[in-house]
Structures are given as C-alpha cells and as structure tokens.
Amino acid sequence: MNIHEHQAKALLKEYGVPVAGGVAIFSADEAEAAANSLPGPLYVVKSQIHAGGRGKGKFKELSADAKGGVRLAKSVADVVANAREMLGNTLVTKQTGPAGKQVNRLYIEDGADIARELYLSILVDRTVGRVAFVVSTEGGMDIEAVAEHSPEKIVTLAIDPDTGVTAADIDKLAAALKLEGDAKADSQQLFPALYKAFCDKDMSLLEVNPLIVMADGHLRVLDAKVSFDNNALFRHPDVVALRDTSEEDAKEIEASKFDLAYVALDGNIGCMVNGAGLAMATMDIIKLYGEEPANFLDVGGGASKEKVTAAFKIITADPNVKGILVNIFGGIMRCDIIAEGVVAAVKEVGLKVPLVVRLEGTNVKEGKAILRDSGLNVIPADDLDDAAQKIVKAIKGQ
Ligand code: ADP
Ligand code: MG
C-alpha cells in the first residue's frame, strides 16, 4: 500500500525527521488560508498523487509549456493561482503511464533554500536479507538514470538487525553523501530515525528524493515516498486509515475484498487461473502466441464459488477484455467449483466475449458436465498450449 507525500511526511515527523511545514488541501478555496499559515515568502504547491516524477510531469488539460506538478510560488496570490490551475487536472509523469492521474489534493509547503539535493532510500535488500540504505550525492533527478550511467555514485549499506544503525554506519552514510558540519550532525539523528520508522511501520520502501542540505547547512527531507508491506497492514490500523482508494485500480480494490491475487495489466485476454506459477505460465504462453494478458489472477487453492464468481465478474467488467481464458489445474481447487462460479457469474453479467476453458484434475468430469449442461458457449481446451492457441484465435475472429 502506498500513501501520499504529505502523509509520509507527517508520519516521519513523529520520528523527529526534519520536514518543512505544510498544509494539504482538497479545493482551491483552501489555498489562501493554507499559504497564510506558512511563513513565506517562498511556497511550493505540490500535486499529491501516488506516483513520482511530478516536478517534470505535464498536465493533460494545460498547454505543453505550462509548469509541472510541483511549482514554486512567490506569494500567497501565486499559490492560489497555481492551485486553481492544478486541482482536478490530470498529471502525466514517467511513473503514471500515459493515462496520468487526476490531482485531487495539493500540498502547500514552505519553500526551502536548497544548497544540495541528495538521494536516500531504505528498502529490503533480499540478496542479503537485510534492510539497507541506498544513498547517492546525485539526488533530485532520475535515480534510475544515475544507476544506469554512473552506478559508482550509488552506495548501498545493509544494516545488521541486531545492532540497528551504528555510529560506524552513520559515518559511512554521511561520508557517501559528503555531509559536513551541521548536516553531518543532523544525520546522526536522521539516519536512525528513518530506519526506526521503516521497521516500526513495516515499510517496504522509504524513498527520500531529494534529501537536501539547505543554505543554512541543515538537512531536510524534501520529498517522501513510502510503501508498506501489505502482509503486515493488520498490525497498523493507523496506516490503513491513510489509504486513498481513489489512487488505486478499481478492479484491484474489488479483488482485494475477495482476497484474490489480482493485478490489472494492459492486454486484452482476461485470465482466471489457480496458483501463481500457473498464472505466470498462462501469461507467458498467451504472449508466445502473440497476444497480451489483461490481468494476472490467481484465485487461490481453496476458492469458494462466490470467490470464483467475483473473479469472473471483475474480468468481464474490464472493457479491454476481448476474450477470457480459464485455466485450472484442480488439486485442492475443485474443477466443479470453478465451473459453478463461471456459470453463476455469466448468469449475472452475461458473456459478450469468447471463453476458453481448460480444466484438469480433481472433479474434472463434474466440472466439464456443469459447463456443458449450462448451455454456455464455452470453447473447451485440452491443455495449456491448446487453450492459449484457441483464445488467441478466437479474439482474432478466425
Ligand atoms: P517529484 O519527485 O515527484 O518530482 P519532489 O517533491 O521531489 O517531486 O519535487 C521536485 C523538485 O521540486 C525537487 O527536486 C526540488 O528541487 C523542488 N522542491 C520540492 N519541494 C520543495 C520545497 N519545499 N522547497 C523548494 N523546492 C522544492
Ligand atoms: Mg522527488
């Protein structure tokens, strides 16, 4: 689960992390009061969407030379004018994809006098099985480009969970970021505080880009992107309360209600599969035959008829879906349950696209009989290869 920048900063502030003052607003009418509550004379108006690259982003509705999703403002009136221009419009950044994201809230923040922009993130480094800091002096811009063109400028430091962030770790990180004076002194408190926040809240990513050294020599977290480990959310009702479902895919929200492992994709063959491995293989073979999957969906081992029905409805509700491939290998999952779920869903929402079904394993005979007796226009398939070829052929209308 992701949260907005302003929420991440409020959370980090509780750990003593230095952030600027700011106010989140949802309508342009709130902009003036928000700006007036800050010291000025420099303000920043920041689009709050769950995607990075906002500064260099472009608003779909505005002219190409209009400013991006993070704007400096030199007066209260300037803040208000920018807020009016930005709210409600669609921001397209490197991370949003071409569709962009609607900006429904802004963060009006105190402007900082920046001397240097640095990069800092904390993540779970699976190769060493530890939480690690990743830092670079090349902050503020595209860290992926730095990783590609000058990887030597990125330093990774794994933290021993027994000791936490040690004095030696702090020295290494401060040296990697070339911190001196007040900034170096600030870092002694900052690095352990960020690490503590990361571990306490079960984050999977905490990215600060940029971390800045201000003109007065002190450190400040200027941007914050935080993702949480979904499997640990049950421990953090305070984090769950920050969820903004308007930033998430509607189909994925619906799927999460039924505890389905579903990820929306860009293709046009909807897939209903049991087991993540089989789901991956199904996606691969669809690509092999020249088409793209519309989703990843693992209905799981012991799915109920209701769960299967919900899954099928989510797939058919996607306007991009031009054909559906059901591929079930019944082990714990029974083929008759799948068949009943498919039939129930089609009764409710109808079936406007070709449906190929490959069933194998437990209760396969019963499953096939249910489909046959339902009168549904199902194209049966014998194996995975046959199924993939048939659905690709069907959507091409051959
Ligand atoms: P994004 O990474 O989505 O583009 P950032 O929050 O990193 O958004 O902002 C982009 C750039 O805008 C920063 O690299 C920084 O140069 C500038 N900026 C952001 N917030 C402030 C601020 N409070 N004061 C001054 N400059 C800022
Ligand atoms: Mg940033």
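Definitions and cut-offs
Residues numbered from 1 in each chain as written. Chains lettered and ligands numbered in written order. Predicted model: local features only at pLDDT ≥ 70, side-chain atom pairs only at ≥ 80, totals over all residues. Heavy atoms only, no water. Donors = N, O, S within 2.8 Å, 3.2 Å for Na, K, Ca; no water. Helix = DSSP H or I, 4+ residues; strand = E, 2+ residues; numbered from the N terminus. Buried < 20%, exposed > 50% of the residue type's maximum accessible area, 1.4 Å probe, protein only. Pairing = 2+ DSSP bridges. Axes fitted to C-alpha atoms, helices over the stretch in contact; angles between N-to-C directions. Contact = heavy atoms within 4.5 Å. Near = heavy atom within 4 Å. Polar contact = N/O pair within 3.5 Å; in protein donor to acceptor, adjacent residues only side chain to side chain. Areas by Shrake-Rupley, 256 points an atom, 1.4 Å probe, with all protein chains shown as cover. Nonpolar A, V, L, I, M, F, W, Y, C, P; charged D, E, K, R; others polar. Domains from an automatic or database assignment. Patch = residues over 30% accessible without salt bridge, like charges linked within 9 Å, V, L, I, M, F, W, Y side chains within 5 Å. Salt bridge = Lys/Arg side-chain N within 4 Å of Asp/Glu carboxyl O. Lys, Arg positive; Asp, Glu negative; His and termini not counted. Charge placed at Lys NZ, Arg CZ, Asp CG, Glu CD. Buried area = accessible area lost by both parts, 1.4 Å probe. Parallel < 35°, antiparallel > 145°, perpendicular 65-115°, else oblique. Left-handed = near helix turned anticlockwise from the far one by under 90°.

**Structural notes on the coordination of the magnesium ion (ligand 2)**
The coordination sphere of the magnesium ion (ligand 2), as far as protein atoms go, consists of Asn 209 (O) and Asp 223 (OD), spread over 2.1 Å. Of this pair, Asn 209 sits in strand β11 (residues 203–214) while Asp 223 sits in the loop between β12 (219–221) and β13 (225–228), and the two are 14 residues apart along the sequence. For Asn 209, a relative accessible area of 14% translates into the label buried.

**Some details on the sheet that holds strand β7 (residues 106–110)**
Strands in a sheet are paired, the pairing made by backbone hydrogen bonds, and the direction either parallel or antiparallel. The 4 strands are arranged β1-β7-β2-β4 in an open sheet whose pairing can be described as antiparallel. Edge positions in the open sheet fall to β1 (22–25) and β4 (70–73), since each of these has one partner strand only. If you compare each strand with its neighbour and ignore which way they point, the axes differ by 20 degrees on average. Summarising the sheet, strand β2 (residues 43–47) and β4 pair through 4 bridges and their orientation is antiparallel. If you follow Tyr 43 over to β4, its bridge partner there is Ala 73. The strands touched by helix α1 (residues 5–13) within the sheet are β1, β2 and β7, with β7 carrying the most contacts at an inclination of about 50 degrees. Packing of helix α3 (residues 76–86) onto the sheet brings it into contact with β1, β2, β4 and β7, and relative to β4 it is tilted by some 155 degrees.

**Concerning the environment of Asn 89**
Within the secondary structure, Asn 89 is located in the loop between α3 and β5 (90–92). The exposure class assigned to Asn 89 is buried, which follows from its relative accessible area of 16%. Sequence spacing of Asn 89 and Lys 101 is 12 residues, and the spatial spacing of their C-alpha atoms is 8.2 Å. If we skip the residues at most four places from it in the chain, Asn 89 touches Phe 59, Glu 61, Leu 62, Lys 101, Gln 102 and Val 103.

**Points about the site of ligand 1**
Lys 46, Arg 54, Gly 55, Glu 109 and Glu 117 are the nearest of the 17 residues found near ligand 1. Within the backbone of Gly 55, a nitrogen or oxygen atom sits 2.7 Å from an oxygen atom of ligand 1. Side-chain polar atom of Glu 109 to a nitrogen atom of ligand 1: 2.7 Å apart, as the coordinates give it. Across the complex, the protein chains shield 85% of the 550 Å² of accessible surface that ligand 1 would expose by itself. Residue assignment for the shell around ligand 1 shows that the elements contributing at least two residues are β2, β7, β8 (114–125) and β11. Grouping the amino acids of the shell around ligand 1 by side-chain chemistry returns 6 nonpolar, 5 polar and 6 charged. When residues of the shell around ligand 1 are assigned to domains, at least three map to each of domain 1 (19–110) and domain 2 (114–239).

**Quick look at a negative patch on the surface**
Residues Glu 360, Asp 382, Asp 383 and Asp 385 make up a contiguous surface patch of negative charge. Tracing the sequence through the fold places Asp 385 in helix α13 (residues 384–395).

**So, the domain arrangement of the chain**
One frequent convention defines the size of an interface as the accessible area lost when the parts assemble. As assigned here, the chain comprises domain 1 (19–110), domain 2 (114–239) and domain 3 (249–395). The centre of domain 1, based on its C-alpha atoms, is set 25 Å off from the matching centre of domain 2. Listed by partner, the interface residues are 9 residues for domain 1 and 7 residues for domain 2. Each partner contributes to the roughly 560 Å² buried at the junction of domain 1 and domain 2, and carbon and sulfur atoms together form 31% of this total. Scanning the region where domain 1 abuts domain 2 turns up 2 salt bridges. Note that Arg 54 and Asp 223 form a salt bridge whose closest N and O atoms lie 3.1 Å from each other. On the surface where domain 1 and domain 2 come into contact, there are 4 residue pairs in polar contact (both at pLDDT 80 or more).

**A few points about the pattern of salt bridges**
A side chain of one charge can pair with a side chain of the opposite charge when the charged atoms of the two come close. Inspection of every chain in the model, using the stated rule, returns 20 salt bridges. With a shortest N-O distance of 2.5 Å, Asp 142 and Lys 94 are connected by a salt bridge. Separated by 48 residues along the polypeptide, Asp 142 in the loop between β9 (130–136) and α4 (143–149) and Lys 94 in the loop between β5 and β6 (101–102) bring together distant segments of the chain. Residue Lys 94 is classed as exposed on the basis of its relative accessible area of 74%.

**Here we look at the pairing of strand β16 (residues 295–298)**
Going residue by residue along β16, you find Asn 295 and Leu 297 tucked away on one face and Phe 296 and Asp 298 tucked away on the opposite face as well. Both strand β14 (residues 261–264) and β16 contribute to a ladder of 4 bridges, which runs antiparallel. For Tyr 262, the partnering residue across the bridge sits in β16 and is Leu 297.

**Quick notes on the packing of helix α10 (residues 305–316) against helix α11 (residues 335–349)**
Any two packed helices are characterised by how steeply their axes cross, that is the angle between the axes, and by the distance between the axes. Across the interface, α10 lies against α11 with an axial gap of 8 Å and an inter-helix angle of 50 degrees. Taken together, the axes of α10 and α11 lie oblique to each other. In this structure, α10 meets α11 at a crossing whose hand is right-handed. Of the residues in α11, those touching α10 at Lys 305, Val 308, Thr 309, Phe 312, Lys 313 and Thr 316 are Ile 337, Ile 338, Glu 340, Gly 341, Val 342, Ala 344, Ala 345, Val 346, Glu 348 and Val 349.

**Some details on the sheet that holds strand β3 (residues 58–59)**
A sheet is described by the order of its strands in space; here 3 strands give the open sequence β3-β5-β6, paired in antiparallel fashion. The outermost strands of the open sheet, each flanked by one partner alone, are β3 and β6. The pairing of β3 with β5 spans 2 bridges and is antiparallel. In the strand pairing of β5, Lys 58 is matched with Val 92.

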